[in-house]
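Reading the structure
One letter stands for each residue in the lines below.
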Amino acid sequence: MSASRRSGTTDELGPDEPGEPGGSDLLAALLDGMDAALCAFDADGVVTHWNREAERILGWTAAEAVGRHGFAGWAVRSADAEEVQSRLMSAMHAPGRQVHEFALVTKGGGRVLVRTQSAAVRGPDGKPAGLYCAFSEVHAQIDLERSIALSEALFEDAAWGVVLVDADLRPAVVNAYAARALGVGRTSALGRPLGELLAQGAEELEAALTHVLAEGAPPAPAEMWVAVRTAEGEQRRCWRSGFLRLASPLAEEPVPLGVGWLFQDVTEARHGQQEASLLRFRANQLHRAARAAAECEDPAEAATVHLDFALAGFADHALIDRVAGGPRAEGEGGSEPVRLVRLAATPAGAPGPSVLTGAAGLPVCYEEGHPALQCVQRTGTVRADAGTVPAERAREWALERQWPDDAVHALCVVLRSRGRTLGVVTFLRGAGRSRFERSDTAYAEDVAARIAVVLDLAEAVRGRPGDQAR
């Protein structure tokens, strides 16, 4: 049963007073304002009350219903009358409420399946004086039960997050999935600003919720990147979110109660898509570089072509250093220090294609322990980072290693061909990029293998008698 549709209060229901509505009038108004159909019977089974909702469902008016004995002969079929009457009247002598389903007959001769709730009405002496029967159409009751069951399932067993946010943009109800995603308990999240629950992304989420309150639900889900606080630190997550504006069904005009926010964590799927897209791009770059390098007459120029294609979206600077004195075979060199000569480099200032350098053959002044020297000595890839230091210290770190001053991440990859070490290619990233990861290393090694082949070809071309005479 719903609240009365009429407004107003009363302190006490007492005897009628002149000029004031009587208790019977107030009772009639309350009964007629109910959303559920209601009728009442006295101890003999005679109808004493019949409200407007009962009239709407069955078509019988209060004047036609009140005073009749039971439903026999008018509201039920004759064959069902005895059973219906006995089941209804049994509620006077049973504890609590009795729930039954009956097929009632409308005034027009149709049949309506209703669900009833009946309970005894007791007199001042505590003995049953009659009973009331509230009923509604079964399909309406089933719809209500389904809605309640759906709400319960969403907040208990749903495989996605469900959060009810009030008009002040604070969580009012949080299901188990959402609590796990936020890294808090279901009750501890209630009433807290979203900025306290999310390390990043709260502003974007609040803007979306405000828009939904003002304009209604968006036509499609939205993907939002947020950062949540965990025991291991902040973690970035991608939540695919849908929003629904909630309004009160009891108000004459829609009154926003808040927003229903449903979301699912799609971080792993998005990372997979990004990685697949990155792999496709890099494979395309390698293909394009190979075709462009095949058109270069000078193998050394082909090396710079590979370098330039590799830089796109991968690094900010790149260097190629060759081993002084020619390639080193495995085990050669002994205790002799490694010396490297700069062969090619990207411009240190404005972006542009790599240029060949080092015509004089002077070794680069790398200090002992330099990542490029370690790369040659170990015959393997070496990563280096400035770490979390002030910008000025990071600049000094780069300059000490003979790198551009904005470099903070480095990846040195050995150049190997025919079992010999030809040199090192170094990729450098600035502070605006992340450090080199395992997938970056694999790509850099692919590029280095291609550069090593063309540099080996350049050495072979220079060693031919006809080339030496030129």
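Our structure is the block above this text.
Notes on the structure follow. (Residues numbered from 1 in each chain as written. Predicted model: local features only at pLDDT ≥ 70, side-chain atom pairs only at ≥ 80, totals over all residues. Heavy atoms only, no water.)

Read from one edge to the other, the open sheet built from 5 strands follows the order β2-β1-β5-β4-β3, with strand pairing classed as antiparallel. Strands with a single pairing partner mark the edges of an open sheet, and in this sheet they are β2 (47-50) and β3 (98-105). For this sheet, the mean angle separating the axes of adjacent strands, direction not counted, is 30°. As defined by bridge partners, strand β1 (residues 37-42) adjoins β2 across 3 bridges and the pair is classed as antiparallel. (Pairing = 2+ DSSP bridges. Helix = DSSP H or I, 4+ residues; strand = E, 2+ residues; numbered from the N terminus. Axes fitted to C-alpha atoms, helices over the stretch in contact; angles between N-to-C directions.)

With that settled, the discussion passes to the state of the cysteines. With the rule as written, the count across this model stands at 0 disulfides. Free of any disulfide, C133 has its nearest neighbouring cysteine sulfur in C39, separated by 4.5 Å. You can call C133 buried: its relative accessible area is 1%. (Disulfide = S-S within 2.5 Å. Buried < 20%, exposed > 50% of the residue type's maximum accessible area, 1.4 Å probe, protein only.)

Take the side chain of T346 next. Its place among the elements puts T346 in the loop between β13 (340-345) and β14 (355-356). You can call T346 buried: its relative accessible area is 11%. Look past the residues within four positions of T346 in its chain and what remains in contact with it is L311, H317, A318 and S354. (Contact = heavy atoms within 4.5 Å.)

Under the defined criterion, the tally for this structure stands at 22 salt bridges. For the salt bridge of R111 with D80, the shortest nitrogen-to-oxygen distance reads 3.9 Å. Of this pair, R111 sits in strand β4 (residues 111-122) while D80 sits in helix α4 (residues 78-89); the two residues are 31 residues apart in sequence, bridging distant segments of the chain. In this structure, E223 engages R270 in a salt bridge whose closest nitrogen and oxygen atoms are separated by 2.4 Å. (Salt bridge = Lys/Arg side-chain N within 4 Å of Asp/Glu carboxyl O.)

Below, the discussion takes up the packing of helix α9 (residues 267-293) against helix α10 (residues 299-311). Relative to each other, α9 and α10 sit at 160°, their axes nearing to 9 Å. Here α10 runs roughly antiparallel to α9, going by the angle between their axes. The two elements α9 and α10 cross, and the hand of that crossing is right-handed. The residues of α10 that touch α9, namely those facing Q285, R288, A289, A290, A292 and A293, are A302, V305, H306 and F309. Counted by class, the contact of α9 with α10 contains 7 nonpolar, 2 polar and 1 charged residues. (Parallel < 35°, antiparallel > 145°, perpendicular 65-115°, else oblique. Left-handed = near helix turned anticlockwise from the far one by under 90°. Nonpolar A, V, L, I, M, F, W, Y, C, P; charged D, E, K, R; others polar.)

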